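Notes for the structure review
Each chain, letter by letter, is given below.
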Amino acid sequence: MADLEFHQFNCLDDNFGVLVHDAKSSTTASIDAPDAERIREELQAKGWHLTHVLVTHHHWDHTQGIADLKSQFGCRVIGPAQEASKIPTLDQTVDDGDTFEFGGEKVSVISTPGHTLGMINFYFSQSGVVFTGDTLFALGCGRIFEGDANMMWHSMEKLIALPENTIVYCGHEYTLSNARFSLTIDPDNHELKSRVKEVQSLRDAGKPTLPTTIKRELQTNPFLRAGDPAIRAQLGLQSSSNAEVFAEIRSRKDNA
Ligand code: ZN
Ligand code: FE
């Protein structure tokens with residue numbers, strides 16, 4: 001039975017770092033490598049030795065620390081096959097549906113294209129944890145840089161299909177600005193209104209708003225709620241497809 005520890009910390013302006021540790025096998029993974037120096041500090045504070053980096057996508061703020069960490073620790077770098085040409089430090093490439101073992105636990109790879117075309121998410125089903133990179137954020141989702149809205153909606157559907165109690169870690173602390181925007185899309189959602197207050201007080205106290213859960217996002221994140229009748233009425237899109245409703249919400253956020 002795996003018993004992984006998940007340690008989240010902030011780095012750069014608004015990125016999250018997360019270390020995943022298995023004491024029994026003394027293995028530790030960094031989810032992405034936004035900032036080698038900060039990751040080193042957290043490893044040192046925990047007394048952990050880095051053995052793996054799990055990379056979600058090629059963007060600079062997720063990969064810039066890899067080479068530095070790799071030369072220090074000789075860690076194994078696992079990342080998206082479809083972005084291998086953009087991430088020269090990869091030791092192992094993985095794609096949708098692949099699984100690999102980490103710390104006695106099976107990790108499943110879910111491809112979630114849209115923000116980038118090769119984006120992958122890592123699902124630890126035994127621990128009930130998913131790392132969504134820049135695909136799903138608390139009360140938001142990533143900007144669509146390389147794919148299109150239809151593709152991104154299908155990626156959302158894959159995450160919606162995970163068990164509701166799945167814990168979600170993501171790449172950025174964008175929750176407060178997402179919260180303000182969410183209210184313009186779903187103004188009468190009581191769960192959303194109370195969550196926005198909670199997010200505000202967490203940020204006022206300098207605390208992170210992550211991790212979240214799939215259940216909470218299903219209740220409050222407008223980007224996962226394209227099928228909701230109140231949101232459809234609010235947008236005047238009662239007879240549109242879920243992908244079209246999602247696309248409208250995404251374009252409103254891009255122009256907000
Ligand atoms: Zn990104
Ligand atoms: Fe990012």
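Summarised in this report is the structure supplied together with it. All values reported here derive from a predicted model rather than from experimental measurement.

For His52, the location among the structural elements is in strand S4 (residues 52–54). Within the structure, the side chain of His52 is placed 2.8 Å from the side chain of Thr51, a separation counted as a polar contact. Residues contacting His52, with those up to four places away along its chain left out, are Thr27, Thr28, Ala29, Ser30, Cys75, Arg76, Ile78 and Phe102.

The protein atoms donating to the iron ion (ligand 2) are Asp61 (OD), His62 (NE2), Asp134 (OD) and His172 (NE2), with metal-donor distances spanning 2.1 to 2.4 Å. Coordination at the iron ion (ligand 2) comes from 4 donor atoms whose angles at the metal span 82 to 171°, giving a geometry best classed as irregular. Coordination of the iron ion (ligand 2) draws on donor residues from a single chain, spaced D-H-x71-D-x37-H in sequence. Taken as an interatomic distance, the gap from the iron ion (ligand 2) to the zinc ion (ligand 1) is 3.1 Å; Asp134 donates to each of them. A relative accessible area of 14% places Asp61 in the buried class.

What you see with strand S7 (residues 99–102) is a clean split: Phe100 and Phe102 sit on the buried side and Thr99 and Glu101 on the side with no burial. Note that S7 and strand S8 (residues 105–111) share 4 bridges and pair antiparallel. Paired with Thr99 across the two strands is Ser108, which belongs to S8. Remark: 2 residues form the turn of the hairpin made by S7 and S8, two consecutive strands paired antiparallel; Gly103 in that turn has positive phi of roughly 55°.

With respect to the secondary-structure elements, Lys253 resides in helix H9 (residues 242–254). At 6.9 Å, Asp254 is the nearest oppositely charged side chain to Lys253, a buried residue that forms no salt bridge. The residues touching Lys253, leaving out its near neighbours within four places in the chain, are Ser177, Asn178, Phe181 and Phe223.

What follows deals with the coordination of the zinc ion (ligand 1). Distances from the zinc ion (ligand 1) to its protein donors, His57 (NE2), His59 (ND1), His115 (NE2) and Asp134 (OD), fall at 2.2 to 2.3 Å. Note that the zinc ion (ligand 1) binds 4 donor atoms; their angles at the metal cover 85 to 172°, and the shape is irregular. In primary-sequence terms, the residues that donate to the zinc ion (ligand 1) follow H-x1-H-x55-H-x18-D.

Conventions used here
- Residues numbered from 1 in each chain as written.
- Chains lettered and ligands numbered in written order.
- Predicted model: local features only at pLDDT ≥ 70, side-chain atom pairs only at ≥ 80, totals over all residues.
- Heavy atoms only, no water.
- Helix = DSSP H or I, 4+ residues; strand = E, 2+ residues; numbered from the N terminus.
- Polar contact = N/O pair within 3.5 Å; in protein donor to acceptor, adjacent residues only side chain to side chain.
- Contact = heavy atoms within 4.5 Å.
- Donors = N, O, S within 2.8 Å, 3.2 Å for Na, K, Ca; no water.
- Tetrahedral: all angles 85-135°; square planar, octahedral: opposite > 155°, others 65-115°.
- Buried < 20%, exposed > 50% of the residue type's maximum accessible area, 1.4 Å probe, protein only.
- Pairing = 2+ DSSP bridges.
- Lys, Arg positive; Asp, Glu negative; His and termini not counted.
- Salt bridge = Lys/Arg side-chain N within 4 Å of Asp/Glu carboxyl O.

Take it as geometry only, folks, not as evidence of what the structure does.
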